[in-house]
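# Topology and contacts: notes
Residue-level listing of the chains:
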Amino acid sequence: MRIVIKVGTSTLTHASGRLNIRHMEEFCKVLSDLKNEGHEIIVVSSGAIGMGIGKLSLKKRPEDIPTRQAAAAVGQCELMYIYDKLFSEYNHVVAQLLITNYVVHNEQMHINFKNTINRLLEMDVIPIINENDTVATEEIGIGDNDTLAAIVTTCADAELLVLLSDIDGLYTADPHRCKDAELIREIDTLSDDIIALAGGKGSENGTGGMVTKLQAAKICMDDGRDMIITNGANPAILYDIIEGKAVGSRFIGKK
Ligand code: GLU
């Protein structure tokens, strides 16, 4: 199975911006095992800005673009260092791919990106993708890694996208405020009612929220691919997903 797994800042780092060692170790361990089982794994990882904030001891997420981009440059380096270290423990090789919206709009870049991903997978490497935050401004930016992960899923011709988040999936109401909120297990149409369930931005140091997750779902579903939103606090949940068990909220691709 070729699968894209997107992991958010809130899973990789603590609210302080410092590394969540337990989550990250567990994440790399499970992915290494799935790779050993024969699956093709592509990671879309956020956390560059979040980790940069931690490493530079900034008090909060910077408001201005140059400081945010500087934080991303520092954090991306740290992020890849940790991935390389953890995956190396299980004998896996990682590659860093930083992309912008040009990959979607420029035909040649699209082809290059696709070819590189395919070659890396043939070489048994785990591609780790993020937006090139140091150059991406609003005009050329994809903006959030949920959308980026959906684009990667279609480009790489993957069967499934899994968004690992700090929430179990899409609920009938905000589960933090409403104790009767129920997890929606399966969504086959992005009706107005479903879209209305998405609130605003998610965590403090990340960019995504339910809105961007539903945008990602639309890209995948329209292209005939499934997407799952589930909680990244327990990466072992990926085993259940591969075994086809009902986990989180599954968005069914158009057949
Ligand atoms: N590219 C950003 C980062 O690595 C994150 C974007 C997002 O959280 O969606 O920090």
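Below or above, wherever it landed, is the structure these notes cover. (Residues numbered from 1 in each chain as written. Predicted model: local features only at pLDDT ≥ 70, side-chain atom pairs only at ≥ 80, totals over all residues. Heavy atoms only, no water.)

## Brief notes about the environment of Ile-187
- Looking at the secondary structure, you find Ile-187 in strand β6 (residues 186-187).
- Excluding its chain neighbours within four sequence positions, the residues that come into contact with Ile-187 are Leu-170, Ile-194, Met-221, Ser-249, Arg-250, Phe-251 and Ile-252. (Helix = DSSP H or I, 4+ residues; strand = E, 2+ residues; numbered from the N terminus. Contact = heavy atoms within 4.5 Å.)

## Re helix α2 (residues 21-36)
- Compared with the 22 Å implied by 1.5 Å per residue over 16 residues, the 22 Å span of α2 between its first and last C-alpha is a close match.
- Taken together, the buried positions of α2 are His-23, Met-24, Phe-27, Cys-28, Val-30, Leu-31, Ser-32, Leu-34 and Lys-35. (Expected span 1.5 Å × (residues − 1). Buried < 20%, exposed > 50% of the residue type's maximum accessible area, 1.4 Å probe, protein only.)

## Describing the site of the ligand
- Surrounding the ligand, one finds nine residues, the nearest of these being Ala-48, Ile-49, Asn-130, Asp-133 and Asn-145.
- In this structure, Ile-49 approaches the ligand through a main-chain N or O atom, which is 2.8 Å from an oxygen atom.
- Coverage of the ligand by the protein chains reaches 96% of its 300 Å² of free accessible surface.
- Residue classes in the shell around the ligand are distributed as two nonpolar, five polar and two charged. (Near = heavy atom within 4 Å. Polar contact = N/O pair within 3.5 Å; in protein donor to acceptor, adjacent residues only side chain to side chain. Areas by Shrake-Rupley, 256 points an atom, 1.4 Å probe, with all protein chains shown as cover. Nonpolar A, V, L, I, M, F, W, Y, C, P; charged D, E, K, R; others polar.)

## Remarks on the nonpolar core
- Among the nonpolar cores identified, the biggest contains 41 residues, and Phe-113, Ile-129, Val-152, Met-227 and Phe-251 are the most heavily contacted of them.
- Looking at this core, the elements that each hand over two or more residues are β2 (40-45), β3 (93-99), α6 (107-122), β4 (125-131), α7 (145-155), β5 (160-165), α9 (210-222) and β7 (226-231).
- Here Met-227 is in contact with Leu-160, Leu-161, Leu-163, Lys-213, Ala-216, Ala-217, Cys-220, Ser-249, Arg-250 and Phe-251, once residues within four sequence places are set aside.
- Listed in part, the 31 residues of the second largest apolar core include Ile-5, Leu-34, Met-51 and Val-247. (Core = buried A, V, L, I, M, F, W, Y, C linked by side-chain atoms within 4.5 Å.)

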